[in-house]
Amino acid sequence: MMTLYSGTTDPFSQRCRIVLYEKGMDFQIIDVDVFNKPEDLMIMNPYNMVPVLVERDLVLYESNIINEYIDERFPHPQLMPADPVMRARARLFLHRFESEMFCHIGALESGVQKTADKARLSVRDSLTQIAPIFAKQKFMLNDEYSMLDVAIAPLLWRLDYYDIQLAKEAAPLMKYAERLFSRPAYIEAMTAAEKAMRK
Ligand SMILES: N[C@@H](CCC(=O)N[C@@H](CS)C(=O)NCC(=O)O)C(=O)O
């Protein structure tokens, strides 16, 4: 059975919880207090961060790497596209999410006003840029739910929590976000602390 070491408010861990619930197989989740990390976390992940996935002698870290492994190990429903061209496009999107948006999570959570304000503007601009996609299609890659939707959902959930305000042009993005938030696996994968982030 797979075991996920997961932070209860951590957007990266939430990504992995979503995939585990989408797959509907047996797994165990161990909640990690990121302010009081267990000593063995450093042994499992040299960066001493969550999420970490353990399955027998396999130990993985990095949310997107964990999620691709779960997707290949339990192929139904498949979250990475089967077609190599679409798969490559999906990986490029995942890379861009990290370098344009998720790289700002630390700053948004830093409690340092100036740093957080700069991060808010960058995230807002990146999200505004992708908003028009949803006037044409249901999900990030096409009309099918995919790993890209999993990867971005935790950030969309935290927009109010991070005090990121989007302009009116981003309305299609928020409609899309509601579609993601209403999925049964999304709801099941949320911790109590995450539920409390958004009214
Ligand atoms: N790129 C990593 C990021 C993981 C990450 O930032 N984890 C944070 C979550 S709060 C963490 O464990 N921080 C603990 C620390 O920095 O001490 C991923 O995708 O898994």
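Keep in mind that what you see is a predicted model, and the values were worked out from it rather than measured.

## Things to note about the site of the ligand
Taken together, D10, F12, K37, M49, V50, P51, E62 and S63 make up the full set of residues near the ligand. In isolation the ligand offers 510 Å² of accessible surface; the protein chains occlude 74% of this area. Partitioned by chemical class, the residues of the shell around the ligand number 4 nonpolar, 1 polar and 3 charged.

## Concerning the packing of helix 1 (residues 11-23) against helix 3 (residues 63-73)
In the contact formed by helix 1 and helix 3, the axes pass within 9 Å of each other and the chain directions differ by 10 degrees. Comparing their axes, helix 3 and helix 1 come out roughly parallel. Counted together, F12, R15, C16, V19, L20 and K23 of helix 1 and S63, N64, I66, N67, I70 and D71 of helix 3 form the full contact between these two elements. Its residues assigned to classes, the contact of helix 1 with helix 3 shows 6 nonpolar, 3 polar and 3 charged.

## Quick look at the packing of aromatic side chains
This model, assessed by the stated rule, comprises 11 aromatic pairs. Here W157 and Y186 contribute two aromatic rings whose centre-to-centre distance is 5.7 Å and whose plane-to-plane angle is 55 degrees, an arrangement assigned as tilted. On the criterion of sequence distance, the pair formed by W157 in helix 8 (residues 147-157) and Y186 in helix 10 (residues 184-189) is long-range, its members being 29 residues apart. The rings of F134, F139, Y145 and Y176 are connected pair by pair, giving a single aromatic cluster. One Lys or Arg, R15, reaches over the ring of F102 and ends 4.1 Å from the middle of that ring. Over the ring of Y145 we find R183; its NZ or CZ atom is 3.5 Å from the centre of that ring.

## Section: the domain arrangement of the protein chain
Each assigned domain of the protein chain is listed here: domain 1 (2-77 + 190-195) and domain 2 (84-183). Taking the mean C-alpha position of each, domain 1 and domain 2 sit 21 Å from one another. On the domain 2 side, the residues contacting the 17 residues of domain 1 number 17 residues. Regarding the contact of domain 1 and domain 2, the summed buried area is about 1,400 Å², with carbon and sulfur atoms giving 55% of it. Along the contact surface separating domain 1 from domain 2 lie 5 salt bridges. Across the salt bridge formed by R87 and E72, the nearest N and O atoms sit 3.2 Å from each other. Within the residue set of the side of domain 1 that touches domain 2, elements represented by two or more residues are helix 1, helix 3 and helix 11 (192-195). Of the residues assigned to the side of domain 1 that touches domain 2, the class counts are 5 nonpolar, 4 polar and 8 charged.

## What to know about the sheet that holds strand 1 (residues 2-7)
Strand order in the open sheet formed by 4 strands is 2-1-3-4, and the pairing between neighbours is mixed. With one partner strand each, in any of the chains shown, strand 2 (27-32) and strand 4 (58-61) form the two edges of the open sheet. Strand-to-strand twist across the sheet, computed as the mean angle between neighbouring axes with direction ignored, equals 20 degrees. Across 3 bridges, strand 1 lies against strand 3 (residues 52-55) in antiparallel orientation. The residue of strand 3 that forms the bridge with Y5 is V52. Sheet strands in contact with helix 1 are strand 1 and strand 2, and its direction is about 145 degrees off that of strand 1. Sheet strands in contact with helix 3 are strand 1, strand 3 and strand 4, and its direction is about 130 degrees off that of strand 4.

Cut-offs and rules
- Residues numbered from 1 in each chain as written.
- Predicted model: local features only at pLDDT ≥ 70, side-chain atom pairs only at ≥ 80, totals over all residues.
- Heavy atoms only, no water.
- Near = heavy atom within 4 Å.
- Areas by Shrake-Rupley, 256 points an atom, 1.4 Å probe, with all protein chains shown as cover.
- Nonpolar A, V, L, I, M, F, W, Y, C, P; charged D, E, K, R; others polar.
- Axes fitted to C-alpha atoms, helices over the stretch in contact; angles between N-to-C directions.
- Helix = DSSP H or I, 4+ residues; strand = E, 2+ residues; numbered from the N terminus.
- Parallel < 35°, antiparallel > 145°, perpendicular 65-115°, else oblique.
- Contact = heavy atoms within 4.5 Å.
- Phe/Tyr/Trp six-rings, centres within 6.5 Å; stacked < 30°, edge-to-face > 60°.
- Lys NZ or Arg CZ within 6 Å of the ring centre and 35° of its normal.
- Domains from an automatic or database assignment.
- Buried area = accessible area lost by both parts, 1.4 Å probe.
- Salt bridge = Lys/Arg side-chain N within 4 Å of Asp/Glu carboxyl O.
- Pairing = 2+ DSSP bridges.

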